[in-house]
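# Analysis of the macromolecular model
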Amino acid sequence: MTLNLLGIKTVPLHTRANEGFLPSTSDCEKLINSRTKAIAIVTPNNPTGAIYSSELISKFAELAQKHKIALVLDETYRDFVDTMPPHTLFAPFQTEVSKSTSSWRSNVIHLFSFSKSYRFPGHRLGLIAASPDLLKHLTITLDCLQICAPCPPQLALASPGLLPILRQSIQANAQSLKIRHNIFRTHLPPNWTIGSQGGYFAFVKHPFVGIPAITLCQRLAEELGVLALPMQFFCYDGIGPDLESLGQSRTDWERWIRFSVANVSDDMIKQVCGRLHECERHLGLKAE
């Protein structure tokens, strides 16, 4: 929305279910032209939950450097991955994968939010890590977009020794999320397909051919008390022909649903999966 208000055109990089909704650098490079200013990736992803490997992130950094454009790396959910750190872009050493990406300050813009890891959603507190030269321009732009930044939480988080104390609860929360993901995967009906899973989310294809996710999600909420978001909420109008040109049939792509395992109990996840088992009987639907 902000990009649209600034008159910046966004070009979607489509991902595929059979590839775990992971983005392709080769597909991305085909979209780059003389007007391209940046590549933006989100990992763990929202809505798919897909977690991009360190190698894949490095390849995107290399691609951005090759074309002399920025790589915007949104890692709002970075604390909820098994492997830490999630990548080596900021490492002071070089590896085979990161040889050409060690000077990340030249083009990497790292985004983070304290809303998820540190549970400060109401304060809208985030973080941008980039080169000092770029931060000067970002500060000017943000000053025109956000008035009265939330100073109290900024001052609180700047207190010496506070973040290491909070890290303990973050690690415990990450472990709880991992357990909930496992419970969801174990109890989900076998004909519901998980395409990717990570962070707060699982991206799942329902088994009822010919019924768009947006239609099913409304019925799930109204008739079974299950709240989940359809893939249509995260797409631009007219995405169908673009996906179909990539070989993805309408009967497949329109059935994906985002489930969240955050802020719910283990037992509640089991109850939700139990209600999904009852879909055919209660909603009068026939699974493929």
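For the structure, check the block above.
Summary of the structure given here.

Analysis parameters
Residues numbered from 1 in each chain as written. Predicted model: local features only at pLDDT ≥ 70, side-chain atom pairs only at ≥ 80, totals over all residues. Heavy atoms only, no water. Helix = DSSP H or I, 4+ residues; strand = E, 2+ residues; numbered from the N terminus. Rg over C-alpha atoms; globule rule 2.2 N^0.38 Å. Buried < 20%, exposed > 50% of the residue type's maximum accessible area, 1.4 Å probe, protein only. Contact = heavy atoms within 4.5 Å. Lys, Arg positive; Asp, Glu negative; His and termini not counted. Charge placed at Lys NZ, Arg CZ, Asp CG, Glu CD. Polar contact = N/O pair within 3.5 Å; in protein donor to acceptor, adjacent residues only side chain to side chain. Right-handed = clockwise from strand over helix to strand, strands pointing away. Core = buried A, V, L, I, M, F, W, Y, C linked by side-chain atoms within 4.5 Å.

Helix and strand counts for the protein chain come out as 12 helices and 8 strands. Relative to the 2.2 N^0.38 estimate, which gives 19 Å for 288 residues, the radius of gyration of the protein chain is 20 Å and therefore close to what a compact globule would have. Principal-axis analysis of the C-alpha atoms gives the protein chain an extent of 60 × 45 × 40 Å. Within the protein chain, the proportion of its 288 residues that are buried is 40%. The contacts of the protein chain with a sequence gap of at least 6 include a subset with a gap of at least 24, amounting to 67%. Side chains of the protein chain give 28 positive and 24 negative charges; the mean places of these two sets differ by 3 Å.

With that out of the way, let us pick up the side chain of Ser113. Considering the arrangement of structural elements, one finds Ser113 in strand E3 (residues 108-113). Under the relative-accessibility criterion, Ser113 is labelled buried at 14%. Only 3.0 Å separates the side chain of Ser113 from the backbone nitrogen of Ser115, close enough to count as a polar contact. Once residues within four sequence positions are removed from consideration, Ser113 is found in contact with Thr76, Leu125 and Gly126.

So, on to the pairing of strand E1 (residues 38-42). Only one face of E1 is covered, namely the face carrying Ile39 and Ile41; the face carrying Ala38, Ala40 and Val42 is uncovered. In this fold, E1 hands off to helix H3 (residues 54-66), which returns the chain to strand E2 (residues 70-74); that crossover is right-handed.

Right, let's talk about the nonpolar core for a bit. Ranked by internal contacts, the top residues of the largest apolar core, which has 32 residues, are Phe184, Trp192, Leu216 and Phe259. Counting residues per element, the ones that place at least two in this core are helix H7 (162-187), strand E6 (201-205), helix H8 (213-224), strand E8 (256-260), helix H11 (266-277) and helix H12 (279-283). Ranked by residue count, the leading element in this core is H8, at 5 residues. Those residues in contact with Phe184 that lie beyond four places of it in its chain are Ile194, Gln197, Ala202, Val204, Phe259, Val261, Ile269 and Cys273. In this structure, Ile57, Phe60, Trp104 and Trp256 belong to the second largest nonpolar core, which totals 25 residues.

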